Each structure stands twice: as structure tokens, then as C-alpha cells.
Amino acid sequence: MNTTTTITAEQPYHHLTPKNHPPPEAPIYSQKTLLRLLNTKCTTSLQHLKQTHALILRTGHFQDHYVSGSLAYSYANPDLETLDFSVRVFDQVRNPNVFVWNSLVRGFLDNNQPLNALSFYSTKMVGSRSKPNKYTYPLLLKACAVLGAVEEGVQVHAHVVKYGLSGGRHVRSAGVHMYVSFGRVLDAQNVLVGGPEPDVVCWNAMIDGFFKCGNVEEAKRVFDDMKEKNIGTWNTMVSGFASCGMIVEAAESFNRMPEKNDLSWSAMIDGYNRGGYYKESLAIFKEMQREKLKPSKFVLSSVLAACANLGALDQGRWIHRYIESESVPQGAILGTSLINMYAQCGLIDLAREFFDNMKQKEVFTWNAMIGGLAVNGCAEDAIQLFFQMQREKTKPDDITFAAILNACAHGGLVDKGLDFLHSMKRDYGVEPKVEHYGCVVDLLGRVGLLKESEEIINSMPIEPNAAVWGALLGACGKHGNVELGERVGKILLELEPRNSGRYALLSNIYAKAGRWKDVENLRKLMKERGVKTNTGKSLIDVDGTVHEFKMGDGSHPQMQARIKLSIDIAKHFLFLNRLKLNTSAIRKFTIFDR
């Protein structure tokens, strides 16, 4: 006879329930409670997110589409670096509705993966039973704009029309933005007027579009004609003026704003940075602090960029401490800004340590580190990092190659630099641009290969710009090639007739050759054309390259002191003997104008 014995494991003592005592009731977590947890506690803590995930599974709320969609989007938070978990959560949802689909599309965009967002839509969502809605297409139109995908953008817009969603304000504003980013202003205007009366969001998008196309007057006209304006309207004007180099107008609009938000301050700081007004950028940040406003990570990133350009190490370190004390999430953008700041301030070891400890690295993070190594004279380290980048499956882009070619130029690595240029298109599918040829011209010019530099320029498949010719002119000045320098200088004076630096460098080449009449003729030509150096700035030739410096602009103290010494000596040359200064200390600094 077969006997079945059931063995019951004895419960551990701390799990035993006292006799005649009912078990405690588990806390009840409603949909509302779980959603609130996902939108609050889980936005900054992966531990809290995992705990909430466990509660969702335990309480049986996972198949609630609003809960599972919110959970997937929480894992897509770029600060948590858990996008893969987001995809895995999505894959576990049975028959996801449009909210769940949208959550993942938005997650791809937030993680700077617009191509994956479009691919996810076209290969999976289109064939599903979930019909896209008015929240789906603004995301997809934005993805097309970011990628510059014109054909795909037109197809997505066709889907918008097909599903009868072209009248929604968010869809219309996204459509305007997209077509404007493609340079198709007429299509943008057709989207704007193709429906009910456009709201302020749509008009803001159109203003932004006019600015991006350089049509400032039309942007101003639309702004003046708008009956209803919001903070976004003013922010668009500030950003638009700044992007067009009209920093005075940007500041005036900023000061006229009836109210400001975080984006307003960010737009003004970015505007000053774009125009090279880094001290003003820091001043705006300090004013923002006096207003007791908490800066976002984007504002902090912009301020760090200003610190990097000014060499303002103390201010940059203060911001780093602020980020840590306020627990500001250090994603790829903010982390890259810190790397760039430390590298540009000369603390390359600290920048590299911070880089190595970063968990989330985007291509621009690698670019910043390679570029930082380049400008600090660590050419071989930059090259090694370039190959490490590929081993870690990050594809280099055109900026990566500009950085690595710059490293080769600073290190005098001619053969490696030429190899990188020739391998760009062949091995990496990156088309060389004029900036890359400029780096190679600089590389060859630094080591005196002037003939080869000119041959590179003449063989370029694209028209060389003033920067490329300027690199060759600087090399001519450094190596004393008057004949080639004169020929290149004349080309530059035709390309940039009002650039005082070009006159200055050519004048220096003539002066070194003792051709003082040509120096005088250049000065006469400058006067005839009304060319002047900027007030308070000096043109200084540092090792054959002319730089324009503004005293007290916050550059590195040692460089500032040397420049000031050179200017003082030039102004008081007659007193050199009395001052007993060693003229060899300034032989690499030549003052042209003041």
C-alpha cells in the first residue's frame, strides 16, 4: 500500500502566530498611493523605486496600465541609469495600452535615444492594438527634429493627419518646431494655421522658428502682435536674441520680463556663454542666488561652462560642492560639465579621476575628456582613451575626431593625425568637415610642414574657410615663411576684411622680415576699412598665433601676468634699461595694437 506523507516544515520562532491571535492585516496600497510613491520618493532613489516595484507586484497592481506605465517611466529616469529595466518592465505588461507605450517612448527621448524612440514606434507600436494619441506624436515629432530626420518627420506628420490629431496644441507646436528645425518655415506656418486659432504655445514655437532661420524682424513682429504672452514667450525672445548674437537685446528682454522662472535664468546664462560674456554669465548666476532660486542641473552645467572658459577654478569648485551638498543628480550632462571645467582649469588628473568614476558616459563625455587631455598636452593619453571608448562600445562622432586631431596637433604626432583623418570615413563612417582639415593644417603647420599644409587645403573636397587659412597663416608667422604668409594673408583679408587679428598677424610676419613699409601699408588699409581692435583688448602673438585678450577677464593668473608684463613693456619700451627687465622673457609675445 502506497502511503503519502506530507511533511510540514516547522515555522521559525519569530514567524509563529500566538494562539487565538489573528494575523496582522497587511497594509492596503491603493493605485493612488503607488502612483504617488512613483512620482515622489522614487524620482531620486533607486532603492525606493525597487521597493515600490516589489509592492506593486505583491499587491497585484502590475497589470494596472497606469501603474505599470508609471513604473516603466520611473526606471527610464536618466539620473538612475536604469533604462534597460524600463524596457524589461514594459515587456512584462500584457496588452499595454497607449499610456504604457508613451511612457517608454518618452523614456527613450529623456535618455537621449531619439532613434530608439522612432524605431520602437515604427516596429512595435504601429502594429499593436493600441492606437496612438495626442501625447504620442509630440514625442515622435521631437525625436525627428533632434535627429534631423526629414523623411521620417513627414511620415509621422502624415500619421498625425491620418488619426485626426493635427488640431491639438501640443501636436501643432511640436510640428512647428520640427519643420523649423528642418529649415522648412513655410511648412511650419501651414501647420500653425491649419486648424483652430493657434494658442500661445504654438505662437512661441513659430517665434523660435523665425529666430532659428535668422529672421529676427519677423520674430519681433509676431511677438509684438501677440495679445497673450506667457513666460515661455519671453524666454523664447531671450534665447532667440542670444542665438543670433544680439546679446544686448537678449538682456533687455530678460530685464523687461514681468516674471521669471528657472528657464528664464538658464536662457540668459546660456546667452551670455554663447556670446563669450562669461563674467556676465557668472554675475547672472549670483543674482539668481540672491533671489533664493534653486538652480537646476542645466543652469549649473551652463555656469560650469563659464567657469571653464574663465579659468575660474574657485567658483567651479564651489559649484561642485553645492552639487554634492544638495544631492543634485550627477547625470551625463552635469558630470561632463565638471570634467570639462577641471580639465580647462588645468587639473587634468582630477578631471580624469572624476571621469573614471562616472557610471553614465555619453559620447560627449568621452569627447570632453579626450579634448581635456589634448589641451593639457597629454596626446598619447587622449589616443589611448579614444581606443578605450571603442572597446566600451561608444561610437565616436565628428566632435570626437576634432578632439583627437587636436591632441595630435598639440603632441606633434603627424603620422597618427593623418591616419585618423584618413580613417574617419573609411573605418567609422564619419565625413570629415572643415574643422577636421583645420586641425590637420594646424598639426602640419606646428612642425613646419607648410608646403604639406597648403597641399591639404588645396585637396580639400569642401571650400576652406577663414579658420583653415588662419591656421596656415599662424604657422607661417611661427616659422618665418614670408612668401607663403603674404599669399595666405591676402586671401584672409578678402575673406575677413574686418578681422583685426588677421592684419595683426600679417603685420607681425612683415615686421619680423624687416618689411616696415608693408607694415605701414597694412595699418593704412586698416584705417581705410575702419578696422579697430575691441576696446580694452590686446592682440598678442603667442608662439606665432595671434590671440585677443581682455585684461582682467579671469584667464589663468600666470598667463594674465605675462600678458600684462608684455603690454607694459611695449608701452614703456624706452624704460627697459632702467627697469632692468630681461627682454628674452618677452620674445614670444609681440604687441600689435592696444
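Rules behind the numbers
- Residues numbered from 1 in each chain as written.
- Predicted model: local features only at pLDDT ≥ 70, side-chain atom pairs only at ≥ 80, totals over all residues.
- Heavy atoms only, no water.
- Helix = DSSP H or I, 4+ residues; strand = E, 2+ residues; numbered from the N terminus.
- Expected span 1.5 Å × (residues − 1).
- Buried < 20%, exposed > 50% of the residue type's maximum accessible area, 1.4 Å probe, protein only.
- Contact = heavy atoms within 4.5 Å.
- Polar contact = N/O pair within 3.5 Å; in protein donor to acceptor, adjacent residues only side chain to side chain.
- Axes fitted to C-alpha atoms, helices over the stretch in contact; angles between N-to-C directions.
- Parallel < 35°, antiparallel > 145°, perpendicular 65-115°, else oblique.
- Phe/Tyr/Trp six-rings, centres within 6.5 Å; stacked < 30°, edge-to-face > 60°.
- Lys NZ or Arg CZ within 6 Å of the ring centre and 35° of its normal.
- Salt bridge = Lys/Arg side-chain N within 4 Å of Asp/Glu carboxyl O.
- Left-handed = near helix turned anticlockwise from the far one by under 90°.
- Nonpolar A, V, L, I, M, F, W, Y, C, P; charged D, E, K, R; others polar.
- UniProt positions renumbered as here; feature names shortened; annotations may be inferred.

## As for helix H27 (residues 466-479)
Working step 1: Compared with the 20 Å implied by 1.5 Å per residue over 14 residues, the 20 Å span of H27 between its first and last C-alpha is a close match.
Working step 2: The buried fraction of H27 is high, at 11 of 14 residues.
Working step 3: The inward-facing, buried residues of H27 contact helix H25 (434-446), helix H26 (450-458), helix H28 (482-495) and helix H29 (500-512).
Working step 4: Among the residues of H27, the N-terminal cap falls to Asn 465, whose side-chain oxygen and the backbone nitrogen of Ala 467 are separated by 3.2 Å.
Working step 5: Trailing H27 by a residue or two, Gly 480 shows a phi angle of about 70°, which is positive.

## Topic: the packing of helix H7 (residues 136-147) against helix H9 (residues 169-181)
Working step 1: Axis separation between H7 and H9 bottoms out at 9 Å; the angle between their running directions is 10°. Judged by the angle between their axes, H7 and H9 are roughly parallel. From H7, Pro 138, Leu 141, Cys 144 and Ala 145 reach across to H9, where they touch His 170, Val 171, Ala 174, Gly 175, Met 178 and Ser 181.

## Some details on unusual backbone geometry
Working step 1: In this model, Asn 95 sits at a positive phi of 50°, which is unusual for a non-glycine residue.
Working step 2: One non-glycine residue, Ser 327, lies in positive phi territory at about 55°.
Working step 3: Within the fold, Ser 327 resides in the loop between helix H18 (313-325) and helix H19 (332-344).
Working step 4: We classify Ser 327 as exposed; its relative accessible area is 60%.

## With respect to the packing of aromatic side chains
Working step 1: Taken as a whole and judged by the stated rule, the model has 22 aromatic pairs.
Working step 2: Seen in terms of ring centroids, Phe 90 and Phe 120 are 5.2 Å apart; in terms of plane orientation they differ by 70°. Their pairing is edge-to-face. One end of the pair, Phe 90, is in helix H4 (residues 83-91); the other, Phe 120, is in helix H6 (residues 114-125), and 30 residues separate them in sequence.
Working step 3: Judged by its relative accessible area of 7%, Phe 120 falls in the buried class.
Working step 4: Seen in terms of ring centroids, Trp 101 and Phe 120 are 5.2 Å apart; in terms of plane orientation they differ by 45°. Their pairing is tilted. Placement of Trp 101 in helix H5 (residues 98-110) and of Phe 120 in helix H6 is noted, with a sequence separation of 19 residues between them.
Working step 5: Trp 101 sits in the buried class, given a relative accessible area of 6%.
Working step 6: The rings of Phe 386, Phe 387, Phe 401, Phe 420 and Tyr 428 are connected pair by pair, giving a single aromatic cluster.
Working step 7: Cation over ring: Arg 88 sits above Phe 85, and NZ or CZ is 5.2 Å from the ring centre.
Working step 8: The ring of Tyr 73 has Arg 106 sitting right over it, with the charged end atom 5.6 Å from the ring centre.

## Some thoughts on the pattern of salt bridges
Working step 1: For the structure on display, the rule yields 18 salt bridges.
Working step 2: Close ionic contact of Arg 169 with Asp 199 constitutes a salt bridge, the shortest N to O distance being 3.5 Å. Of the two residues, Arg 169 sits in helix H9 while Asp 199 sits in the loop between helix H10 (185-193) and helix H11 (200-212), which places them 30 residues apart along the sequence.
Working step 3: With a relative accessible area of 43%, Arg 169 lands in the partly exposed category.
Working step 4: Assessed through its relative accessible area of 22%, Asp 199 is described here as partly exposed.
Working step 5: Across the pair Arg 515 and Glu 486 runs a salt bridge whose closest N-O atoms are separated by 3.0 Å. Pair noted here: Arg 515 is in the loop between H29 and helix H30 (516-529) and Glu 486 is in helix H28, with a separation of 29 residues, a long-range link.
Working step 6: Of the residues examined, Arg 515 reaches a relative accessible area of 28% and is grouped as partly exposed.

## Concerning the packing of helix H16 (residues 278-290) against helix H17 (residues 297-310)
Working step 1: Axis separation between H16 and H17 bottoms out at 9 Å; the angle between their running directions is 140°. By the angle between their directions, the pair H16 and H17 is classed as oblique. As for how H16 packs across H17, the hand of that crossing is left-handed. Contacts between H16 and H17 pair Tyr 278, Lys 279, Ser 281, Leu 282, Phe 285 and Met 288 from the former with Val 299, Leu 300, Val 303, Ala 306, Cys 307, Asn 309 and Leu 310 from the latter.
Working step 2: Residue classes in the contact of H16 with H17 are distributed as 10 nonpolar, 2 polar and 1 charged.

## Some thoughts on the UniProt feature "repeat: PPR" (unreviewed entry) in the protein chain
Working step 1: When the UniProt feature table is mapped to this numbering, "repeat: PPR" (unreviewed entry) covers residues 97-132, 199-233, 261-295, 362-396, 397-432 and 499-533.
Working step 2: A helix fraction of 69% and a strand fraction of 0% characterise residues 97-132, whose end C-alpha atoms lie 9 Å from each other.
Working step 3: Secondary structure over residues 261-295 splits into 74% helix and 0% strand, and the C-alpha atoms at its two ends are 10 Å apart.

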